[in-house]
Amino acid sequence: MMASEAAYRAVGTLYNALMTALVIGLVSRRGSDTAREYIFRHFRRQHLEKFLPGLQKLGLADEKDAPACALYHYHSNALGGVKTGYLRESDTKAWVRYPPPRWMWKGTAIAAVPHDVSAAFLHGWHGHNGVSLNNPGLGFVCTGMTVDGKPGLEGYYYDYGRPLKEEERVRFAYDEEMPRIDWKTQPKLATENWPEERRLRTFRSYAMGYVQTMLPVLQDLLGPQDAQLEMGRVARLVGLQFHEETARDLDLPTDVERGDLDSARLFARWLTALLSAEGEEISTEEKDGAVVVRMQGWKLARDLQLVDLLAGFDAWNELWLGAAGAHDRFLKLETSRSYGDEGWQAAWRIAPR
């Protein structure tokens, strides 16, 4: 695998894990009510930003509402590397299915996700599709969720032909089941012919989108300081836990523990590769016995309206602090950051301690 492709994959892996870890952290530390509210707000925000423009981009604007919605989820998830199934029964009923493993609940983390937290995803997005389409009769019927031990998250969009009350927009019917589908005849996008690098760039952007929503939603829900505490805690853990996997993909050594300038150079290569793969403007230099990685601007958060910009940065930065500890615990990573008229300036000084 080319280094650039490995870096795109690494960014997607880290941010996928960060989303999962944040929700699990909220469940365990602040309770399922807070985690449910976070998931609802997160996916409602994404829905309002992405759903209608996405229908246009995917060429689905002229489809009947139920099939258009199911196809939207089928195709948009496929672009992000998430396996999804689709079945159209009629103009008013169309199925979508997310088979295991569930992308958002990575690995064994799925065992810690309560029913209502997973369901908040459907209430935040799927249940609002009819509202956004000016079709008050369109709802979503969930016939199974993986967190409940079902063989996938699945359900169907259905046009009832009458206005729905808010509580009717998502309902659960576990006595129903998606009919059998032929995976070989599922709808196709042009992505089938995309080169691997383009596919991985899209996977990276899909995962980055979760973080771009995570920062403002968490600050609005918990306040800037508590948001920094909760996101920063899990970001550091994700950096610690996933550095080795991503370093190996980048053909970089692990278990270094030298605490010297060569080790600092290796971590600078890892950090530069990931930040560059995000689209950040990065430069490096050696100065006074240390390696300095500089970032001009912060593309990830360029268009975000954050209550506290620096608190958001510091929470995100815990990813790199955790990764540095996993790379070589005898190195010291110091971060400087500022935001002013010229935008973001940030630097990481990596040196033996």
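Residues numbered from 1 in each chain as written. Predicted model: local features only at pLDDT ≥ 70, side-chain atom pairs only at ≥ 80, totals over all residues. Heavy atoms only, no water.

Chemist: Any details on the pattern of salt bridges? Residues and values, ideally.
Modeler: Note on pairing: side chains with opposite charge can pair once their charged atoms come close. Applying the stated criterion across every chain yields a total of 22 salt bridges. E49 is the partner of R45 in a salt bridge, and the nearest nitrogen-oxygen pair spans 3.3 Å. In this pair, R45 and E49 are both assigned in helix α2 (residues 32–57), four residues apart and thus about one turn of the helix distant. You can call E49 partly exposed: its relative accessible area is 43%. Residue R294 is joined to E285 by a salt bridge in which the shortest nitrogen-to-oxygen separation is 2.8 Å. On the basis of relative accessible area, R294 is assigned to the partly exposed category, the value being 35%. You can call E285 partly exposed: its relative accessible area is 32%. Look at the salt bridges and you will find they share partners, linking R29, R30, D226 and E230 into a network. (Salt bridge = Lys/Arg side-chain N within 4 Å of Asp/Glu carboxyl O. Helix = DSSP H or I, 4+ residues; strand = E, 2+ residues; numbered from the N terminus. Buried < 20%, exposed > 50% of the residue type's maximum accessible area, 1.4 Å probe, protein only.)

Chemist: Explain unusual backbone geometry to me, and be specific about the residues and the numbers.
Modeler: With an omega of 0°, the peptide bond running from P100 to P101 counts as cis. Within the element layout of this structure, P101 appears in the loop between β2 (93–98) and α4 (115–124). Backbone geometry at D255 places phi at a positive 55°, although glycine is not the residue there. Topologically, D255 is positioned in the loop between α7 (224–249) and α8 (261–277). Judged by relative accessible area, which is 61%, D255 ranks as exposed. In this structure, D288 is a non-glycine residue whose phi angle is positive, near 55°.

Chemist: Just give me the short version of the side chain of H73, but keep the residues and values in it.
Modeler: Its place among the elements puts H73 in helix α3 (residues 65–79). When its relative accessible area of 3% is taken as the criterion, H73 is described as buried. Dropping the residues within four chain positions of it, H73 is found in contact with T84, V96, Y98, W125, H126, N129 and Y157. (Contact = heavy atoms within 4.5 Å.)

Chemist: Just give me the short version of the sheet that holds strand β9 (residues 343–352), but keep the residues and values in it.
Modeler: Pairing is antiparallel across the open sheet formed by four strands, whose spatial order is β6-β7-β9-β8. What marks the edges here is a single partner per strand, and that holds for β6 (281–287) and β8 (331–340). Adjacent strand axes in the sheet meet at a mean angle of 15° when their direction is disregarded. Its contacts with the sheet place α8 against β6, β7 (290–296), β8 and β9, and it is angled at close to 15° to β7. Contacts between helix α9 (residues 309–327) and the sheet are confined to β7, β8 and β9, with β8 contributing the most and set at about 160° to the helix. (Pairing = 2+ DSSP bridges. Axes fitted to C-alpha atoms, helices over the stretch in contact; angles between N-to-C directions.)

Chemist: Which residues make up α8, and what values go with them?
Modeler: Between its terminal C-alpha atoms α8 stretches 24 Å, which fits the 24 Å expected from 17 residues at 1.5 Å a residue. Within the span of α8, buried status applies to S263, A264, L266, F267, A268, W270, L271, L274, L275 and A277. Two or three places before D262, at the start of α8, stands the capping residue D260, its side-chain oxygen 3.4 Å from that residue's backbone nitrogen. G279 sits one or two residues past α8 and shows a positive phi near 100°. (Expected span 1.5 Å × (residues − 1). Polar contact = N/O pair within 3.5 Å; in protein donor to acceptor, adjacent residues only side chain to side chain.)

Chemist: So, the packing of aromatic side chains: which residues are in play, and what are the values?
Modeler: With the rule as written, the count across this model stands at 25 aromatic pairs. Here the aromatic rings of Y158 and Y160 are separated by 4.9 Å at their centres, their planes lie at 85°, and the arrangement is edge-to-face. The exposure class of Y160 is partly exposed, given its relative accessible area of 23%. For the pair F172 and Y174, a centre-to-centre distance of 6.3 Å together with 70° between the ring planes defines the contact as edge-to-face. The partly exposed category is assigned to F172, whose relative accessible area is 33%. The partly exposed category is assigned to Y174, whose relative accessible area is 28%. (Phe/Tyr/Trp six-rings, centres within 6.5 Å; stacked < 30°, edge-to-face > 60°.)

Chemist: Which residues make up the state of the cysteines, and what values do they have?
Modeler: Summed over all chains, the structure comprises zero disulfides. C142 provides the cysteine sulfur closest to C69, a residue in no disulfide bond, and the two sulfurs are 15 Å apart. (Disulfide = S-S within 2.5 Å.)

Chemist: Before we move on, can you summarise the pairing of β7 with the specific residues and values?
Modeler: Along β7, five of the seven residues are buried, which leaves the element largely enclosed by surrounding structure. Of the strand pairs in this sheet, β6 and β7 are connected by seven bridges, and their pairing is antiparallel. Looking at the pairing, K287 lines up with A290 of β7. What sits between β6 and β7 in their antiparallel hairpin is a turn of two residues, with D288 showing a positive phi close to 55°. Strand direction decides the pairing type here: β7 and β9, joined by six bridges, are antiparallel. Paired with Q296 across the two strands is Q345, which belongs to β9.

Chemist: Can you explain the environment of V11? Please cite residues and give values.
Modeler: With respect to the helices, strands and loops of the structure, V11 is situated in helix α1 (residues 3–30). Once the C-alpha coordinates of V11 and A277 are considered, the two residues, 266 residues apart in sequence, prove to be 7.2 Å apart. Each residue touching V11, except ones within four places of it in the same chain, is listed here: R204, M208, L274, A277 and E278.

Chemist: Got a sec to walk through the sheet that holds strand β4 (residues 153–159)? Specific residues and values, please.
Modeler: Read across the sheet, five strands follow the order β1-β2-β4-β3-β5 without closing on themselves; strand pairing throughout is mixed. Among the strands making up the open sheet, the edge pair consists of β1 (85–90) and β5 (170–172). When the angles between neighbouring strand axes are averaged without regard to direction, this sheet yields 20°. Inspection of the sheet shows strand β3 (residues 138–144) paired to β5 by three bridges, in the parallel sense.

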